[in-house]
Number of protein chains: 2
Amino acid sequence: MTKTVYIAGLGLIGGSIALGIKRDHPDYQILGYNRGEKSRRVAMERGMVDEVTDDFAAFVSQADVIILAVPIKQTLDFMEQLAQLPLKPDVLITDAGSTKLAIVEKAEEVFANKAIRFVGSHPMAGSHKSGAHAADVNLFENAYYILTPSRLTNSETISELEDLLSGLHVRFTQMDAAEHDQVTGQVSHFPHVLASSLMLQAGDYRDSHAMTQHLAAGGFRDMTRIAESEPGMWTSILATNKEPILERISDFKKRLDQIADLIATNNQEAIWDFFDQGRQIRKEMEIHKRGGVDSFFDLYVNIPDEEDEILKIMELLRGTSLMNLRINEENREDIHGILQITFKTQADQLRSKEIIEKATDYQVFID
Amino acid sequence: MTKTVYIAGLGLIGGSIALGIKRDHPDYQILGYNRGEKSRRVAMERGMVDEVTDDFAAFVSQADVIILAVPIKQTLDFMEQLAQLPLKPDVLITDAGSTKLAIVEKAEEVFANKAIRFVGSHPMAGSHKSGAHAADVNLFENAYYILTPSRLTNSETISELEDLLSGLHVRFTQMDAAEHDQVTGQVSHFPHVLASSLMLQAGDYRDSHAMTQHLAAGGFRDMTRIAESEPGMWTSILATNKEPILERISDFKKRLDQIADLIATNNQEAIWDFFDQGRQIRKEMEIHKRGGVDSFFDLYVNIPDEEDEILKIMELLRGTSLMNLRINEENREDIHGILQITFKTQADQLRSKEIIEKATDYQVFID
């Protein structure tokens, strides 16, 4: 049975979801809303959607499924509008926001006692690019796609949504909305607060310590990379996930007090344990594991800093699928100035090591 | 005039320094000390040193220059030993430690009123590898090599040391030892405390929120990468740079209070400014620049995720000197899946953009 899916927001997320739906359900009709003209045009040109509108209300009554892939504030606003509009009976509504409790609570409030099914969604992938031109059918591949059921969700709702989105090749996971916000508060929202705070601190320190500007190197760069994220999105995230983030800030201050106490009393054994525990825990996290969010098989090659050295290595590895490639170039205490190649499989990693070792006299490390 | 240089510690740092000295001064005699047998053997095999010993005192009296490339604690201990040993008049002693004030103060104490010249050194590069087998003549290329003069330093000392180390191709910079420790406290030591604290916090959070283990992704990974550093080295750094780090912890807690207040009062405008300022400041830092003067010159190419696509681009750019090359691959909220190429010059960047646009139909961004 074919379906009509209405996607509001044809940016990176909405556009990529549209492409994923088309992949497994080429017969489904996809309607799209976007305020800006450019992404509407690109979405039509790329065949992501069958029809587009700049009037959100226009297509809502035709939809079996409505996906709100717009910023959090607008998602909340559209939900209020939907509650007032004529919809198909048992329409399935979902979203794509980075926080979930505020959205689920809004749904349970405005959609109560209506023939509306609602489940919250958080596809955990993204980009610093935006717009329909950046949409990619593989954007979510192997990513977690969190579903947060509401009182307006039943088990059929979940399986229907998972079937609709099967072409995204994601890993569906169900979580309570509040739990989702607490966990992402810990691993994503609070770290953004930390990174920006560190950046502002270093910025102020420059005024009296000019070399701060110059001596920040690899570790500092890694720690502050996310401080360059788009401020609007993160402001909305903080605004809709206050309590968990405030609680993490408060907990973190206590941790800073503890380590400060160890430093002040020169308790080197406990400081050693502090660093060692951090190292151990990180190794246990999924960020380290094969088949996890980011599964990595790295090879380090000690190439000279010369033209065409990378090309030479790439030629040796012709036909091998690379996930990432990076020259660790600058002044850093924790990484060597070498070419780092990341493979999708361990087999490729080991085979490549052999190939490079045979063809060159460069040092090759697996780590 | 030939010289005899004695390097204590033939690990990554000492070994790389030895190779750098040999590059520009092949006639100098290099003597090496290392406690462990393996690095002694490798150092001899690789021709880094002319003679080795496992008895620190053995070669000190022959040396014109003594370089202590051992952990901070051992550096302090060797300095005390040197003060008691027969040395050549006007011997030049230096080190390679990550903190400087404790070492300079020790030198001024134990070498006072002796015919000894001392200057502190901090070569700002390193590796997650260690040992003589990882030593590399290019390890320090273009890195800052901080020299911290002491009361036992004169201008001739500095130029003599810079001449000795010319083959390392570093950027020598002179700084006051206390100022060095404050700046590195801000950009390196305190960030390590932050990263490990975040790691321990997330580790504890797992106990009551199991998905913490799984949902940590790109941003969290970047922020905690340095939490995997070797605990011993960082324990010594904290122990020898207490005050600056404690002061930064205290300052940071105030910053957390401020942002917590903005979140609690839902001051979205000020939160937006907080994130925006962090973003602005990061763009001004040298981590964004090349050589402290020129910018990095990045090009983003929207390549398909297919084998040999990178090779194809590399072939187009044959003969161009690349600084870095990276595929922004994974599921993350802040980066898109495209090839990022960093050039040393703007001319290369612009020329490469033209070449790729002519030869392919990929989107190419400068950003």
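In this text, all values refer to a predicted model and were calculated from it rather than measured experimentally. (Residues numbered from 1 in each chain as written. Chains lettered and ligands numbered in written order. Predicted model: local features only at pLDDT ≥ 70, side-chain atom pairs only at ≥ 80, totals over all residues. Heavy atoms only, no water.)

1. Re the overall build of chain A
Argument step 1. Each helix and strand in chain A was counted, giving 13 helices and twelve strands.
Argument step 2. Projected onto the principal axes, the alpha-carbon positions of chain A cover approximately 65 × 55 × 40 Å.
Argument step 3. Scored against the burial criterion, the 367 residues of chain A give a buried share of 63%.
Argument step 4. Long-range pairs, those at least 24 residues apart, make up 72% of the contacts in chain A with a sequence separation of at least 6.
Argument step 5. Summing over all exposed atoms, chain A offers an accessible surface of approximately 13,500 Å²; the carbon and sulfur share of this is 47%.
Argument step 6. With 38 positive and 57 negative side-chain charges, chain A shows a spacing of 2 Å between the two charge centroids. (Helix = DSSP H or I, 4+ residues; strand = E, 2+ residues; numbered from the N terminus. Buried < 20%, exposed > 50% of the residue type's maximum accessible area, 1.4 Å probe, protein only. Contact = heavy atoms within 4.5 Å. Areas by Shrake-Rupley, 256 points an atom, 1.4 Å probe, with all protein chains shown as cover. Lys, Arg positive; Asp, Glu negative; His and termini not counted. Charge placed at Lys NZ, Arg CZ, Asp CG, Glu CD.)

2. Thoughts on unusual backbone geometry
Argument step 1. Positive phi, close to 70°, is recorded for A:Asn142, a residue that is not glycine.
Argument step 2. Residue placement: A:Asn142 occurs in the loop between strand 6 (116-123) and strand 7 (144-149).

3. Remarks on the interface of chain A and chain B
Argument step 1. Each side of the interface is counted separately: chain A has 140 residues, and chain B has 142 residues.
Argument step 2. Buried surface at the junction of chain A and chain B, both sides included, amounts to about 13,800 Å², of which 61% is carbon and sulfur.
Argument step 3. Between B:Arg318 and A:Glu315 there is a salt bridge; the shortest N-O distance is 3.2 Å.
Argument step 4. On the surface where chain A and chain B come into contact, there are 34 residue pairs in polar contact (both at pLDDT 80 or more).
Argument step 5. With 23 residues, the single largest contributor to the side of chain A that touches chain B is helix 6 (residues 177-208) of chain A.
Argument step 6. The residue inventory of the side of chain A that touches chain B, partitioned by class, reads 64 nonpolar, 38 polar and 38 charged. (Buried area = accessible area lost by both parts, 1.4 Å probe. Salt bridge = Lys/Arg side-chain N within 4 Å of Asp/Glu carboxyl O. Polar contact = N/O pair within 3.5 Å; in protein donor to acceptor, adjacent residues only side chain to side chain. Nonpolar A, V, L, I, M, F, W, Y, C, P; charged D, E, K, R; others polar.)

4. Some details on the relation of the copies chain A and chain B
Argument step 1. Its rotation angle being 177°, the transformation that places chain A on chain B also includes 0.1 Å of axial translation and leaves an RMSD of 1.3 Å. When the rotation and shift are considered jointly, the pair of chain copies conforms to a two-fold rotation axis. Taking C-alpha positions as reference, the residue of chain A nearest the rotation axis is A:Met223, located at 1.6 Å.
Argument step 2. A share of 97% of the interface residues of chain A reappears at the interface of chain B, consistent with the copies meeting face to face through the same patch. (Least-squares fit on C-alpha atoms with pLDDT ≥ 70 in both.)

5. Here we look at the nonpolar core
Argument step 1. Membership of the largest hydrophobic core comes to 134 residues, with the highest contact counts inside it found for A:Phe111, A:Leu256, B:Phe111 and B:Leu256.
Argument step 2. Sequence-distant contacts of A:Leu256, that is, excluding residues within four places in its chain, are made with B:Phe190, B:Val193, B:Leu194, B:Ser197, B:Ile249, B:Phe252, B:Lys253 and B:Leu256.
Argument step 3. Counting 36 residues, the second-largest nonpolar core is a separate cluster that includes A:Phe297, A:Ile310, B:Phe297 and B:Ile356. (Core = buried A, V, L, I, M, F, W, Y, C linked by side-chain atoms within 4.5 Å.)

6. Things to note about the sheet that holds strand 11 (residues 339-343) of chain A
Residues and elements named next belong to chain A.
Argument step 1. Taking strand neighbours across the sheet as the criterion, the four strands line up as 10-11-9-12 in an open arrangement whose pairing is antiparallel. Both outer strands of the open sheet, strand 10 (322-327) and strand 12 (364-366), are each paired with one neighbouring strand and no more. For this sheet, the mean inter-axis angle between neighbouring strands, taken without regard to orientation, is 20°.
Argument step 2. Where strand 9 (residues 297-301) meets strand 12, three bridges bridge the pair, whose relative direction is antiparallel. Looking at strand 12, one finds that Leu299 is bridged to Ile366.
Argument step 3. Each of strand 9, strand 11 and strand 12 is contacted by helix 13 (residues 346-359), which is oriented at about 15° to strand 9, the strand it contacts most. (Pairing = 2+ DSSP bridges. Axes fitted to C-alpha atoms, helices over the stretch in contact; angles between N-to-C directions.)

7. A few points about the side chain of B:Thr153
All names here are of chain B.
Argument step 1. Assignment of secondary structure puts Thr153 in the loop between strand 7 (144-149) and helix 5 (155-164).
Argument step 2. Here Thr153 falls in the buried class, since its relative accessible area comes to 17%.
Argument step 3. A polar atom in the side chain of Thr153 sits 2.7 Å from the backbone nitrogen of Ser150.
Argument step 4. Beyond its immediate stretch of four places on either side in the chain, Thr153 contacts Phe118, Val119 and Ile158.

8. Notes on the domain arrangement of chain A
Argument step 1. Domains assigned within chain A are domain 1 (4-175), domain 2 (180-264) and domain 3 (297-366).
Argument step 2. For domain 1 of chain A and domain 3 of chain A, the distance between their C-alpha centres works out to 40 Å. (Domains from an automatic or database assignment.)

9. Describing the sheet that holds strand 2 (residues 29-33) of chain A
Residue and element names in this part refer to chain A.
Argument step 1. Taken in spatial order, the eight strands make up an open sheet running 3-2-1-4-5-6-7-8, and their pairing is mixed. Strand pairing shows two members of the sheet lacking a second neighbour, strand 3 (51-53) and strand 8 (171-174), which therefore form its edges. Averaged over all pairs of adjacent strands, the angle between their axes in this sheet comes to 25°, without regard to strand direction.
Argument step 2. In this sheet, strand 7 lies alongside strand 6 in antiparallel orientation, the contact comprising five bridges. Its bridge partner lying in strand 7, Val119 is registered against Pro149.
Argument step 3. Most of the contacts of helix 4 (residues 101-110) go to strand 6, to which it runs at about 170°, and overall it touches strand 5 (91-95), strand 6 and strand 7.

10. A few points about the packing of aromatic side chains
For any pair of aromatic rings, the description rests on two quantities: the centre-to-centre distance and the angle between the ring planes.
Residue and element names in this part refer to chain A.
Argument step 1. Scanning all chains against the criterion turns up 20 aromatic pairs over all chains.
Argument step 2. Here Phe111 and Phe118 contribute two aromatic rings whose centre-to-centre distance is 6.1 Å and whose plane-to-plane angle is 45°, an arrangement assigned as tilted.
Argument step 3. A residue is classified by how much of its surface remains accessible, and Phe111, at 0% relative accessible area, is buried.
Argument step 4. For Phe118, a relative accessible area of 0% translates into the label buried.
Argument step 5. Among the aromatic side chains, those forming a connected cluster through ring pairs are Tyr6, Tyr33, Phe56, Phe59 and Phe78.
Argument step 6. Of note, Arg171 hangs over the ring of Tyr144, and the distance from its end group to the ring centre comes to 4.3 Å. (Phe/Tyr/Trp six-rings, centres within 6.5 Å; stacked < 30°, edge-to-face > 60°. Lys NZ or Arg CZ within 6 Å of the ring centre and 35° of its normal.)

11. As for the pairing of strand 6 of chain A
All names here are of chain A.
Argument step 1. With eight of eight residues buried, strand 6 lies mostly within the body of the structure.
Argument step 2. Burial along strand 6 is two-sided: the residues Ile116, Phe118, Gly120 and His122 and Arg117, Val119, Ser121 and Pro123 are all buried.
Argument step 3. Note that strand 5 and strand 6 share three bridges and pair parallel. The residue of strand 6 that forms the bridge with Val91 is Ile116.
Argument step 4. Once you follow strand 5 into helix 4 and on to strand 6, the crossover reads as right-handed. (Right-handed = clockwise from strand over helix to strand, strands pointing away.)

12. A short note on the packing of helix 10 (residues 242-264) of chain A against helix 6 (residues 177-208) of chain B
The description of two helices packed together rests on the angle between their axes and the distance between the axes.
Argument step 1. For the pair helix 10 of chain A and helix 6 of chain B, the least separation of the axes is 10 Å and the interaxial angle reads 120°. Regarding the angle of helix 10 of chain A to helix 6 of chain B, the classification is oblique. In the crossing of helix 10 of chain A with helix 6 of chain B, the sense of the turn from one axis to the other is right-handed. On helix 6 of chain B, the residues touching A:Glu247, A:Arg248, A:Asp251, A:Phe252, A:Arg255, A:Leu256 and A:Ile259 of helix 10 of chain A are B:Phe190, B:Val193, B:Leu194, B:Ser197, B:Leu198, B:Leu200, B:Gln201, B:Asp204 and B:Tyr205.
Argument step 2. Across the contact of helix 10 of chain A with helix 6 of chain B, the residue classes tally to nine nonpolar, two polar and five charged. (Parallel < 35°, antiparallel > 145°, perpendicular 65-115°, else oblique. Left-handed = near helix turned anticlockwise from the far one by under 90°.)

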